[in-house]
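# Structural description and commentary
What follows is each chain in one-letter form.
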Amino acid sequence: MSLLINHVMSADTPSKIFSDILNYYKEFSGDDIKIIESVRPIEGADIYHYHRPHLEKALKENSVVTVHHDINDSDKWLAYERFHERYKEARLVFCLNHDQQNILNNKGINHTIVIPHGYNDKIFSRPSEPKKITKKIRIGIISKRYERKVKGEAHILELYKRLDSDKFKFLFVGEGRSISSRKAMAYGFETECFERLPYLCFNDLYKNIDILLITSLYEGGPANVPEAIISATPIISTPIGMVLDYVVEGLNGAFLTGDYDNDASIISSLTEGDTFNKLATNAYEYSNQAMSWKEVITSIVLKYKELVQAN
């Protein structure tokens, strides 16, 4: 079955995230799938895949959408009311996590399926053994720095004040993270920082951190979750997005509570006894749970074909 899939972006706004995702679609959809990306829908496509449905007044008949954001996000531009009618019009709504799916189901949107973001299996590979720490636990923060409160920068600052610099150090990767690094150094922490690191280096990056720290209040993904899973990196995070599907409290990670003292205690407990080694061993055993981008796109293409056959 040969299909023409139109990925509709609905706005001529550059986005590295969307660009990277579209490249995975082009690479892994298969020879029987032709992909055309456009701002406005073209004529004659078999499936229209919308990525910013809230910018549309109506969807084409054979349409699907992906929920890329956290439905709970307080940003007024992402208010649920802007999306609901478009979700109703779509034949299928792809969710990145079960929290999104549950929210939509409770709002009467039941034509949903969960297919998370994946990892690049040309870059990432499962390690041969669990992580082991030496003197200090290295906390990795791998994301662009935002001033918005919902991205958790204040939370990170409060952790600097409460964690022991003799037991922890930081590795920062992402635009603006030199600011984070300087603040951590002001509290006595040893740090490394790469504002721009080639993606080809990310497998080695995860080998060089002991835990991934995520402090955002809202995330659809985030993309670093499957990367951490395949690299057997324990995740300490706010209870958001795909983290809720992949992390089991106390097993391969832990959830932050929003209480700074309590959260510092959660992280500090990793230095006690065999706590970190147990977490790392479990993270290693869970490292086969993440999907590669090839598996993700293959699953989505299968749904395209089912929808076309059902017409």
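Everything discussed here concerns the structure shown above.
Residues numbered from 1 in each chain as written. Predicted model: local features only at pLDDT ≥ 70, side-chain atom pairs only at ≥ 80, totals over all residues. Heavy atoms only, no water.

## Observations concerning the packing of helix α4 (residues 153–162) against helix α9 (residues 260–268)
One way to put it is that α4 packs onto α9 with a least axis distance of 9 Å and a crossing angle of 65 degrees. In this structure, α4 crosses over α9, and the sense of that crossing is right-handed. Along its contact with α4, which presents A154, H155, E158, L159 and R162, the element α9 presents Y260, D261, D263, A264 and I267. (Axes fitted to C-alpha atoms, helices over the stretch in contact; angles between N-to-C directions. Helix = DSSP H or I, 4+ residues; strand = E, 2+ residues; numbered from the N terminus. Left-handed = near helix turned anticlockwise from the far one by under 90°. Contact = heavy atoms within 4.5 Å.)

## Here we look at the pattern of salt bridges
Applying the stated criterion across every chain, the model contains 18 salt bridges. Among the salt bridges present, the one from K136 reaches E190, with a minimum N-O distance of 3.6 Å. Of this pair, K136 sits in the loop between β6 (112–114) and β7 (137–142) while E190 sits in the loop between α5 (177–186) and β9 (191–194), and the two are 54 residues apart along the sequence. Residues joined in a network through salt bridges with shared partners are E158, K161, R162 and D261. (Salt bridge = Lys/Arg side-chain N within 4 Å of Asp/Glu carboxyl O.)

## Some thoughts on the sheet that holds strand β5 (residues 92–95)
Taken in spatial order, the six strands of this open sheet run β2-β1-β3-β4-β5-β6, and their pairing is parallel. Each of the sheet's edge strands pairs with one partner strand only, and the pair in question is β2 (33–38) and β6. Mean inter-strand twist for the sheet, computed between neighbouring axes without regard to direction, equals 25 degrees. Sheet topology places strand β1 (residues 3–8) next to strand β3 (residues 47–50); four bridges connect them, and they run parallel. Among the inter-strand pairings, V8 is bridged to a residue of β3, identified as Y50. Helix-sheet contacts for helix α1 (residues 16–28) involve β1, β2 and β3, and the interaxial angle to β2 is about 160 degrees. Along the sheet face, helix α3 (residues 98–106) touches β4 (63–67), β5 and β6 and points at about 165 degrees away from the line of β6. (Pairing = 2+ DSSP bridges.)

## Digging into unusual backbone geometry
In this model, G221 is joined to P222 through a cis peptide bond whose omega is -5 degrees. For P222, the position within the fold is in the loop between β10 (211–214) and α7 (224–230). With a phi angle near 70 degrees, S10 is a residue other than glycine that sits in the positive phi range. Following the sequence through the fold, S10 ends up in the loop between β1 and α1. The buried category is assigned to S10, whose relative accessible area is 10%. Look at A232: it is not a glycine, yet its phi comes out positive at around 60 degrees. For A232, the location among the structural elements is in the loop between α7 and β11 (235–237). Assessed through its relative accessible area of 1%, A232 is described here as buried. (Buried < 20%, exposed > 50% of the residue type's maximum accessible area, 1.4 Å probe, protein only.)

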